[in-house]
Amino acid sequence: MLALLCGGQGNLSPRTFDLIADQAAAEPVFVAAKAYLGYDPRALVLTQGADELATNQTSQILTVTAALAIHACIADVLPKPIAVAGYSVGEMAAWSIAGIWRAEEALRLTDIRARIMEGVAGPDGRLGYVRGLDQGALERLAVKHRCEIAIGNPNLLFVVGGTERDVTELCDEATAQGAARTGLLAVKIASHTARLARACGPFQQALGSSAHSAIASDRILLAGGDGERIFSATEAMAKLARQVARPVDWTATLQAVAELGAERVLDLGPGSALADMMRTFVPSIRCYSADGFRTLGGLRNWIASE
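None of the values given here were measured: they were computed from a predicted structure.

K.L.:
Help me out: how do you make sense of helix α4 (residues 56-74) in this one?
P.N.:
Note on helix geometry: an α-helix contains 3.6 residues per turn, so any two residues three or four positions apart are oriented the same way. For α4, spanning 19 residues, the distance from its first C-alpha to its last is 28 Å, which sits close to the expected 27 Å at 1.5 Å a residue. By the criterion of burial, α4 is predominantly enclosed, with 18 of the 19 residues buried.

Given below as structure tokens:
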């Protein structure tokens, strides 16, 4: 089985759309994204600086656009069935790939998600990361510095959220306690923490009123927050809405992918972080990122090779 992973914020670059920028199959996705960005996403990543691309609404839409545009260019060669899961905002792309939303609807809801989050988050939120510190020790530091663990990844890699000052101080103390690496992420909003609790209700209302379909029969959709298999989109919408204010256990999601019997994983991006995580977590699974292919033809040939 092939599993598709849809990435989260923080991995945008000028190369984000290089592989499929001129592909007709991706054009409807780019057109839909332009309606919310005000600019063609292909031009935006080439002309805007890192700070501009990291703004929450822009980053979320570009991130989902990247995964959906790649998927549009490979959908006709995908084997059946496939599994799909999304990391943080990547869940919006994953639900679309699973057949629940058309790409245009997924991007519309992503825009709503981003704006609701911005409206309740306050101006000083930030995410940071801590690698190589025991979770118990990190939990104590989070309490001390008024932060929360936002995402748990394999190999003791954690994302923490809070105010920028608190996250910075937590990272400094984690380094002093022996963490291998720490630092601030580009995401300037404390996603997946209680600071976003007031976003859940309005977002759930938006999801509930969306134009959606049942999950496609040849798709297995896993919740990015804990790896639970989703059988009913309608029943899972409350959980997807709560995800913006609750911690993500991405390790559990990758474990679920492995337990499904996935033999290959394709990280749709942006970037290759999810492929790298899966490769170290379960070395027996062959993991690639779309960004790692020089040509779309090469990617399509790899997908169709087995």
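K.L.:
Just to check I follow, could you spell out the nonpolar core for this structure?
P.N.:
Within soluble globular proteins, side chains that are nonpolar generally end up buried alongside one another. Judged by nonpolar contacts, the single largest core of 100 residues is most densely connected at Ile20, Trp95, Trp250 and Leu299. The dominant element in this core, judged by the number of residues it contributes, is α4, at 10 residues. Aside from chain neighbours lying at most four places away, what touches Leu299 is Leu19, Ile70, Ile74, Leu266, Ala290 and Phe293. Counting 15 residues, the second largest nonpolar core, distinct from the first, contains Ala137, Cys147, Ile149 and Val167.

K.L.:
Is there a simple way to think about the sheet that holds strand β5 (residues 157-163) in this case?
P.N.:
The pairing of strands in a sheet comes from backbone hydrogen bonds and takes either a parallel or an antiparallel form. One open sheet accounts for five strands, arranged β6-β3-β5-β4-β9; its pairing is mixed. At either end of the open sheet lies a strand with only one pairing partner, and these are β6 (181-184) and β9 (248-249). Pairing between strand β4 (residues 148-153) and β9: two bridges, direction parallel. Within β9, the position partnered with Gly152 by the bridge is Asp249. Against the sheet, helix α7 (residues 135-144) makes contact with β3 (125-131), β4 and β5, and its axis sits at roughly 155 degrees relative to β4, the strand it touches most.

Rules used throughout
Residues numbered from 1 in each chain as written. Predicted model: local features only at pLDDT ≥ 70, side-chain atom pairs only at ≥ 80, totals over all residues. Heavy atoms only, no water. Helix = DSSP H or I, 4+ residues; strand = E, 2+ residues; numbered from the N terminus. Expected span 1.5 Å × (residues − 1). Buried < 20%, exposed > 50% of the residue type's maximum accessible area, 1.4 Å probe, protein only. Core = buried A, V, L, I, M, F, W, Y, C linked by side-chain atoms within 4.5 Å. Contact = heavy atoms within 4.5 Å. Pairing = 2+ DSSP bridges. Axes fitted to C-alpha atoms, helices over the stretch in contact; angles between N-to-C directions.

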